Amino acid sequence: NLFLYDELDAAIQELDMIFNTENTELIGYPTYGTNWWQYLWELTPLETNIKQYIYDKIAESLFIGNFNPEVEVQHINGTENSIYYIKITLRDKNNEPLTIQQYELK
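Residues numbered from 1 in each chain as written. Predicted model: local features only at pLDDT ≥ 70, side-chain atom pairs only at ≥ 80, totals over all residues. Heavy atoms only, no water.

Trainee: How should I be thinking about the overall build of the chain in this particular structure?
Mentor: Looking only at helices and strands, the chain has three helices and three strands in total. For the chain, the sequential pattern of α-helices and β-strands runs α-α-α-β-β-β. Since a compact globule built from 106 residues should have a radius of gyration of about 13 Å, the 14 Å found for the chain is in line with a globular shape. Dimensions of the chain along its principal axes, counting C-alpha atoms only, are 45 × 35 × 20 Å. Accessible surface for the chain amounts to roughly 7,200 Å². Of this, 49% is attributable to carbon and sulfur atoms. Separation of charge centres in the chain, based on 6 positive and 17 negative side chains, amounts to 6 Å. (Helix = DSSP H or I, 4+ residues; strand = E, 2+ residues; numbered from the N terminus. Rg over C-alpha atoms; globule rule 2.2 N^0.38 Å. Areas by Shrake-Rupley, 256 points an atom, 1.4 Å probe, with all protein chains shown as cover. Lys, Arg positive; Asp, Glu negative; His and termini not counted. Charge placed at Lys NZ, Arg CZ, Asp CG, Glu CD.)

Trainee: When you look at helix H1 (residues 7–20) in this model, what are you seeing that I'm missing?
Mentor: In an α-helix, one turn spans 3.6 residues, which is why side chains three or four residues apart end up on the same side. With 14 residues, H1 should reach 20 Å at 1.5 Å per residue; the first-to-last C-alpha distance of 20 Å fits that figure. Looking at H1, one finds that the buried residues are Leu8, Ala10, Ala11, Ile12, Glu14, Leu15, Ile18 and Phe19. Its side-chain oxygen at 2.8 Å from the backbone nitrogen of leucine 8, aspartate 6 defines the N-terminal cap of H1. (Expected span 1.5 Å × (residues − 1). Buried < 20%, exposed > 50% of the residue type's maximum accessible area, 1.4 Å probe, protein only. Polar contact = N/O pair within 3.5 Å; in protein donor to acceptor, adjacent residues only side chain to side chain.)

Trainee: Explanation requested: the nonpolar core in the structure shown.
Mentor: Among soluble globular proteins, nonpolar side chains are generally buried collectively. Counting residues in each nonpolar core, the largest one holds 23 residues, and the members touching the most others are Phe19, Trp36, Ile50, Ile54, Ile86, Ile88 and Leu90. Here this core takes six residues from H1, the largest share from any one element. (Core = buried A, V, L, I, M, F, W, Y, C linked by side-chain atoms within 4.5 Å.)

Trainee: Explain the layout of surface pockets to me, please; I cannot follow it from the model alone.
Mentor: A probe matching the size of a water molecule, rolled over the atoms, marks out where space remains unfilled. Here the largest pocket is characterised by a volume of approximately 220 Å³. What lines the largest pocket is a set of 11 residues, among which Glu14, Met17, Tyr32, Leu62 and Phe63 lie closest to the centre. (1 Å grid on protein atoms, 1.4 Å probe; cavity = no way out; pocket = protein on both sides within 12 Å on 5 of 7 lines; lining within 4 Å. Points joined across faces, edges and corners; volume = space filled by probe spheres on them.)

Everything listed here is a matter of geometry and, on its own, says nothing about what the molecule does.
See the structure below:
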């Protein structure tokens, strides 16, 4: 068992869990997590839609919202699949960056 006592560490872990858990994978919480395969490659959304999708997932979280999250999304057309770079900055109450989490989806 691992116990996190720092809210920032808990927020980072929560981000990783949201990005690495597919919908319906967590029993009892069918909307928790993301279904990137279906969302990104079957629908091919705009960057603004992906940002809103991430903000919606963050709104359901316990710790992430305490750190004024800022989401940036960059879409690059690949030869076989599109590549999405996602950068999430968590900030303190003075708007200073505390950590930057980056995700690459391809």
